[in-house]
Amino acid sequence: MWSPLRPFLFALLFGIGQQASALEVGGVNFAPQVEVSGSKLELNGAGVRYKAVFKVYAAGLYVGRKAGSLDEILKAPGPKRMSITMLRDIDAAELGKLFSRGMEDNMDRAAFVQLIPGIMRMSQIFSDHKKLMAGDSFTLDWVPGQGLSIAVKGKVQGAPFKEAEFFAALMGIWLGKAPADWQLKNALLDIKS
């Protein structure tokens, strides 16, 4: 006997028409899509940052369309987001220093020197938070024409960093020639090893 509910029940049971589900990495769920400044972004990839054998944080990279390299990401139009959730407690000032070192490791000295005022400001943002606890998160949102906004625990920290070079240097920490963690780089770029 036919019922008008049959197609609905079939779809419910077999998942037809379901939206993509979140990707779970290190116990953190990354949504398949986010919206930044009115643009829908897709999860490019997500992974865990390890320091020795310890999990430090989970990171997810969101872009307008899939990209397989830092260069593709930087050249792609539209907003981008790096979302990071801490997996252990960490001194926030130390995290800021590690980010600064990661930027320096992925660029030439002259270019790094030009970014020192922004790097000092970014380090201060993290220092002001004293400690980031497991479960705390922050986002790095790049919006062309506006700049890079850093939001810690959901609250935007001051005015955007206007320089595209600063955003590129920051992304170099994870996606550059000397990334903080090669496995994380491959995960963010969705490169299967």
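Our structure is the block above this text.
Here we summarise the structure given alongside this text. (Residues numbered from 1 in each chain as written. Predicted model: local features only at pLDDT ≥ 70, side-chain atom pairs only at ≥ 80, totals over all residues. Heavy atoms only, no water.)

Of regular secondary structure, the protein possesses seven helices and eleven strands. A burial count over the protein gives 42% of its 193 residues as buried. Pairs at least 24 apart in sequence give 57% of the contacts found in the protein among residues at least 6 apart. Carbon and sulfur atoms form 57% of the exposed surface of the protein, whose accessible area is close to 10700 Å². (Helix = DSSP H or I, 4+ residues; strand = E, 2+ residues; numbered from the N terminus. Buried < 20%, exposed > 50% of the residue type's maximum accessible area, 1.4 Å probe, protein only. Contact = heavy atoms within 4.5 Å. Areas by Shrake-Rupley, 256 points an atom, 1.4 Å probe, with all protein chains shown as cover.)

Right, let's talk about the pairing of strand β10 (residues 147-152) for a bit. Burial analysis of β10 places five of its six residues in the buried class, which makes it a mostly covered element. Two elements, strand β9 (residues 137-143) and β10, share six bridges in a ladder whose sense is antiparallel. Each residue of the ladder has a partner; that of V143, found in β10, is G147. As paired elements, β10 and strand β11 (residues 155-156) share two bridges and run antiparallel to each other. Within β11, the residue paired with V152 across the bridge is K155. Connecting β10 to the antiparallel partner β11 that follows it, the hairpin turn spans two residues, and K153 within it adopts a positive phi of roughly 55 degrees. (Pairing = 2+ DSSP bridges.)

Let us look at the nonpolar core. Y57, F138 and W174 are the most contacted members of the largest nonpolar core, which has 42 residues in total. Membership of the second largest hydrophobic core comes to twelve residues, among which are V34, L41, L43 and Y62. (Core = buried A, V, L, I, M, F, W, Y, C linked by side-chain atoms within 4.5 Å.)

Here the focus is the sheet that holds strand β6 (residues 80-86). On the basis of which strands lie adjacent, the open sheet formed by seven strands has the order β3-β4-β5-β6-β9-β10-β11 and antiparallel pairing. Each edge of the sheet is formed by a strand with only one pairing partner; in this case those strands are β3 (33-36) and β11. Looking at chain direction, strand β4 (residues 39-51) and strand β5 (residues 54-63) are connected through nine bridges and run antiparallel. Residue L43 lies in a different strand from β5, and its bridge partner there is Y62. Each of β5, β6, β9 and β10 is contacted by helix α6 (residues 164-175), which is oriented at about 135 degrees to β9, the strand it contacts most. (Axes fitted to C-alpha atoms, helices over the stretch in contact; angles between N-to-C directions.)

Quick look at the packing of helix α3 (residues 92-105) against α6 now. At a minimum axis distance of 8 Å, the contact between α3 and α6 shows a crossing angle of 100 degrees. In terms of orientation, α3 and α6 fall into the roughly perpendicular class. Counting all contacts with α3, which are made through F99, G102 and M103, the residues of α6 involved are F166, A169, L170, I173 and W174. (Parallel < 35°, antiparallel > 145°, perpendicular 65-115°, else oblique.)

All right, on to the pattern of salt bridges then. Inspection of every chain in the model, using the stated rule, returns five salt bridges. Here K75 ties to D71 by a salt bridge, and the two come within 3.2 Å at their closest N and O atoms. Of this pair, K75 and D71 both sit in helix α2 (residues 70-75), separated by four residues, roughly a single helical turn. The exposed category is assigned to K75, whose relative accessible area is 64%. With its nearest N and O atoms 2.6 Å apart, the salt bridge here joins R81 to D141. Of this pair, R81 sits in strand β6 while D141 sits in strand β9, and the two are 60 residues apart along the sequence. When sorted by exposure, R81 lands in the same class as D141, which is buried. (Salt bridge = Lys/Arg side-chain N within 4 Å of Asp/Glu carboxyl O.)

In this section: unusual backbone geometry. For A52, which is not a glycine, the phi torsion comes out positive at approximately 60 degrees. Among the structural elements, A52 can be located in the loop between β4 and β5. Of note, K130 is a non-glycine position whose phi angle comes to about 60 degrees, a positive value.

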